[in-house]
Amino acid sequence: MQIRGDHAELAVGGRLDVRSAADARTVLHSAVDSGDGDLVLDLAGLDSWDATGLGVIMGAHRRAGRCGRRLVLRDVPPQMQRLLVATRLHRILAIEGGLTVSEAQILTKP
C-alpha cells in the first residue's frame, strides 16, 4: 500500500488490508489532524481492501467528523463501490461524483 499527498488530498494505492492497516491509519489520522476542510482520498490506484481496510476508512471518517472536517472518497473502483453499497456505507461516506454501481444492481445479482 502506498499513500501520497498532504492534509487536503491523499492518493491511496495498492492493497488496504490487515497488513497495511496500521500504517494507513497513522497517515490518515495525521492528515485529518493537520488540516481543515475536506480531506479527499483518491482511490483510483487502490487494488483491493478488506474489512480491516474499510474499518480504517470508517475510522478516518469518524475522526474527520470530530475535527469538523469531511472525508471524501474520489474515484472509487467498481468492486469497492459494490462493497460500499452492500454494506450501505455509501449512505454514510461522501463519495465525489456518486457511484456507478446501484443498490438495485447489488440486490439483483444471482
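Preceding this paragraph is the structure being described.
What you see is a predicted model; the values in this text were computed from it and never measured. (Residues numbered from 1 in each chain as written. Predicted model: local features only at pLDDT ≥ 70, side-chain atom pairs only at ≥ 80, totals over all residues. Heavy atoms only, no water.)

1. Here we look at the nonpolar core
Alright, step 1. Counting 27 residues, the largest nonpolar core has L41, L43, W49, I57, L73 and L84 as its most contacted members.
Alright, step 2. At the level of secondary structure, the elements contributing two or more residues to this core comprise β2 (9-16), α1 (21-33), β3 (38-49), α2 (51-66), β4 (70-74) and α3 (78-86).
Alright, step 3. When residues in this core are grouped by element, the largest group, six residues, is from α2.
Alright, step 4. Excluding residues that lie within four positions of it along the chain, L84 makes contacts with W49, L54, L73, V76, L89, H90, L93 and I95. (Core = buried A, V, L, I, M, F, W, Y, C linked by side-chain atoms within 4.5 Å. Buried < 20%, exposed > 50% of the residue type's maximum accessible area, 1.4 Å probe, protein only. Helix = DSSP H or I, 4+ residues; strand = E, 2+ residues; numbered from the N terminus. Contact = heavy atoms within 4.5 Å.)

2. What about the side chain of H29?
Alright, step 1. Position of H29 relative to the elements: it lies in helix α1.
Alright, step 2. For H29, the side chain forms a polar contact with the side chain of R63, separated by 3.1 Å.
Alright, step 3. In contact with H29, other than residues within four places in its own chain, are G59, A60 and R63. (Polar contact = N/O pair within 3.5 Å; in protein donor to acceptor, adjacent residues only side chain to side chain.)

3. Digging into the pattern of salt bridges
Any two side chains of opposite charge can pair if their charged atoms end up close together.
Alright, step 1. Inspection of every chain in the model, using the stated rule, returns six salt bridges.
Alright, step 2. Each of E9, R74 and E96 takes part in one network of salt bridges that share partners. (Salt bridge = Lys/Arg side-chain N within 4 Å of Asp/Glu carboxyl O.)

Everything listed is a geometric property; what it means functionally is a separate question.
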